[in-house]
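One-letter residues, chain by chain:
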Amino acid sequence: MNYNILAYGIFLSTMIFIIVYVGRLFYRNGRFFILALFRGDAVQTDHMNQLLLVAYYLFNIGYAFVELRFWDKIVNVEQLVSSLASNVGLLVFILAVTHYFNMALIYFLSKRHSTIIHS
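Structure report, in brief. All of these numbers come straight from a predicted model, not from anything done at the bench.

Moving on to the overall build of the chain. On a plain count of helices and strands, the chain comes out with three helices and zero strands. Put simply, the chain runs from its N terminus to its C terminus through helices and strands in the order α-α-α. Relative to the globule expectation of 14 Å for 119 residues, the C-alpha radius of gyration of the chain, 19 Å, shows a markedly less compact shape. Expressed along its principal axes, the backbone C-alpha trace of the chain runs to roughly 65 × 20 × 20 Å. When burial is assessed residue by residue, the chain has 27% of its 119 residues classed as buried. Contacts in the chain between residues at least 24 apart in sequence constitute 74% of all its contacts with a sequence separation of at least 6.

Let us look at the environment of Phe-11. As for its position among the elements, Phe-11 is in helix α1 (residues 4–37). A sequence separation of 53 residues divides Phe-11 from Ala-64, and the C-alpha atoms of the two residues are 8.4 Å apart. Discounting residues that sit within four places of it in the chain, Phe-11 has contacts with Ala-64, Glu-67, Leu-68, Trp-71, Leu-84, Asn-87, Val-88 and Leu-91.

We now examine a nonpolar patch on the surface. Residues Leu-90, Phe-93 and Val-97 make up a contiguous nonpolar surface patch of roughly 270 Å² in combined accessible area. Relative to the helices and strands, Phe-93 resides in helix α3 (residues 77–118).

Before going further, it helps to examine helix α2 (residues 42–67). Every α-helix carries 3.6 residues per turn, so stepping three or four residues along brings you back to the same face. Taking 1.5 Å as the rise per residue, α2 with 26 residues should run 38 Å; its terminal C-alpha atoms sit 37 Å apart, in good agreement. Among all positions of α2, only Thr-45, Asn-49, Leu-53, Tyr-56, Asn-60, Ala-64 and Glu-67 are buried.

Reading the values: the criteria
Residues numbered from 1 in each chain as written. Predicted model: local features only at pLDDT ≥ 70, side-chain atom pairs only at ≥ 80, totals over all residues. Heavy atoms only, no water. Helix = DSSP H or I, 4+ residues; strand = E, 2+ residues; numbered from the N terminus. Rg over C-alpha atoms; globule rule 2.2 N^0.38 Å. Buried < 20%, exposed > 50% of the residue type's maximum accessible area, 1.4 Å probe, protein only. Contact = heavy atoms within 4.5 Å. Patch = residues over 30% accessible without salt bridge, like charges linked within 9 Å, V, L, I, M, F, W, Y side chains within 5 Å. Areas by Shrake-Rupley, 256 points an atom, 1.4 Å probe, with all protein chains shown as cover. Salt bridge = Lys/Arg side-chain N within 4 Å of Asp/Glu carboxyl O. Expected span 1.5 Å × (residues − 1).

Rendered as structure tokens:
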């Protein structure tokens, strides 16, 4: 029996839930960092925050769908669990790395911005 369709359904529903949940969390809490970067300009901050959220959704959900293309045929339950664990783990790892990269970028941009303002 081929378990790939079941694995795809479980993987996509899990990943879309995680991506949307984390995206909303970053959108809500990241606004303060972006607001500091734009020196209190709320309109520009909200536009940038919405742009980042859309880009985040497109990149991560797109990657989750592309990841399905490279799965091997799953023929038993052990392979199903193993494949789901490794693929969900990889995508969550990519989300974490992307988050820390974005936070570092915002930090360095805010430092650069404050250096340019004070010079």
